[in-house]
Amino acid sequence: MLKYRAKTPWWLKLIFPKKLVWEMPTGDEPAVYITFDDGPHPVATPFVLDLLDKYEAKATFFCVGNNVTKYPEVYSQVINKGHSPANHTFNHMNGWKTDDNTYLENIAKADEHIKSKLFRPPYGKMKRSQARKLKKKYADLRVIMWDVLSADFDKEITPMQCLDNVLQHIRPGSIVLFHDSEKAWDRMSYALPHVLEHCKQQGWKMKAIS
């Protein structure tokens, strides 16, 4: 039985309505916001970047600080191609299992390498106290969650199921979560090209979160 939902339920979005961003305004021009967690990765990230170039798409990369230090050239490619970098802690920390000071210190350590006003908690797990302290320390920081979960991290689903998770729920304003990681590779590398093609056919712009 799945422990997550591909579509974020409406009631969950009401828990932190002023602190967390679950989806983007639709505006006059229909657009979707595809995001990637856990990179940069020496194989997955360049693959993603090449695909995004092909579809003239921009995306947001929630990077793990430790991976940025391991693969600085790949991280530079993300920046140089005009995508948005974002903080995903230095060691991919689970906020529910970490004390507040350690959690904020890990975010600050990542911030030394990832200069961004965007943050996403790994696993989507962050205590209320951590959210409050984070906002107090970084007043202009935006905590970005997601509206559509591809579940590409789940080795128990097929690549087609991963694709269906996105295509059944994506719409203008959606924030879609993929991973540019080794664990997600089999499913992400199959689903992403189809998702980008679907968005193109729908006439939706694919934008980075600024």
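Residues numbered from 1 in each chain as written. Predicted model: local features only at pLDDT ≥ 70, side-chain atom pairs only at ≥ 80, totals over all residues. Heavy atoms only, no water.

Caption draft 1: The arrangement of the packing of aromatic side chains in detail. Per the stated rule, a full pass over the model turns up five aromatic pairs. Taking 6.0 Å as the distance between ring centres and 25° as the angle between the ring planes, the aromatic pair formed by Phe36 and Phe178 counts as stacked. Of this pair, Phe36 sits in strand β2 (residues 31–37) while Phe178 sits in strand β8 (residues 175–179); the two residues are 142 residues apart in sequence, bridging distant segments of the chain. Phe36 sits in the buried class, given a relative accessible area of 0%. For Phe178, a relative accessible area of 0% translates into the label buried. Between Tyr103 and Phe119, the ring centres sit 6.4 Å apart and the planes meet at 80°, which makes this aromatic pair edge-to-face. Taken as a pair, Tyr103 in helix α5 (residues 100–111) and Phe119 in strand β5 (residues 118–119) lie far apart in primary sequence, 16 residues in all. Per residue, the accessibility class of Tyr103 equals that of Phe119, and both read buried. Cluster of aromatic residues (ring-pair linked, three or more members): Phe36, Phe61 and Phe178. Residue placement shows Lys109 over the ring face of Phe90; its charged tip is 4.3 Å from the ring centre. Here Arg120 stacks its cationic end above the ring of Phe62, 4.1 Å away from the centre of that ring. (Phe/Tyr/Trp six-rings, centres within 6.5 Å; stacked < 30°, edge-to-face > 60°. Helix = DSSP H or I, 4+ residues; strand = E, 2+ residues; numbered from the N terminus. Buried < 20%, exposed > 50% of the residue type's maximum accessible area, 1.4 Å probe, protein only. Lys NZ or Arg CZ within 6 Å of the ring centre and 35° of its normal.)

Caption draft 2: Representation of the packing of helix α2 (residues 44–54) against helix α4 (residues 72–80) within the structure. Interaxial distance between α2 and α4 falls to 10 Å at its minimum, and their mutual angle equals 20°. Between α2 and α4, the crossing angle belongs to the class labelled roughly parallel. In this structure, the crossing between α2 and α4 has a hand that is left-handed. Residues Thr45, Pro46 and Leu49 of α2 pack against Val74, Gln77 and Val78 of α4. (Axes fitted to C-alpha atoms, helices over the stretch in contact; angles between N-to-C directions. Parallel < 35°, antiparallel > 145°, perpendicular 65-115°, else oblique. Left-handed = near helix turned anticlockwise from the far one by under 90°. Contact = heavy atoms within 4.5 Å.)

Caption draft 3: Layout of the state of the cysteines. Counted by the stated rule, this structure contains zero disulfides. The cysteine Cys63 is free of any disulfide, with Cys162 supplying the nearest cysteine sulfur at 19 Å. Exposure remark for Cys63: the relative accessible area of 2% places this residue in the buried category. In this structure Cys162 is not part of a disulfide, and its nearest cysteine sulfur, from Cys199, lies 14 Å away. On the basis of relative accessibility, which here comes to 0%, the residue Cys162 falls in the buried class. (Disulfide = S-S within 2.5 Å.)

Caption draft 4: Quick look at α5. With 12 residues, α5 should cover 16 Å at 1.5 Å per step; its first-to-last C-alpha distance of 17 Å lies within 8% of that length. Residues of α5 that are buried in the fold lie against α3 (65–70), β4 (84–87), β5 and α6 (128–137). A side-chain oxygen of the first residue of α5 lies 3.3 Å from the backbone nitrogen of Asn101; this N-cap is Asp99. (Expected span 1.5 Å × (residues − 1). Polar contact = N/O pair within 3.5 Å; in protein donor to acceptor, adjacent residues only side chain to side chain.)

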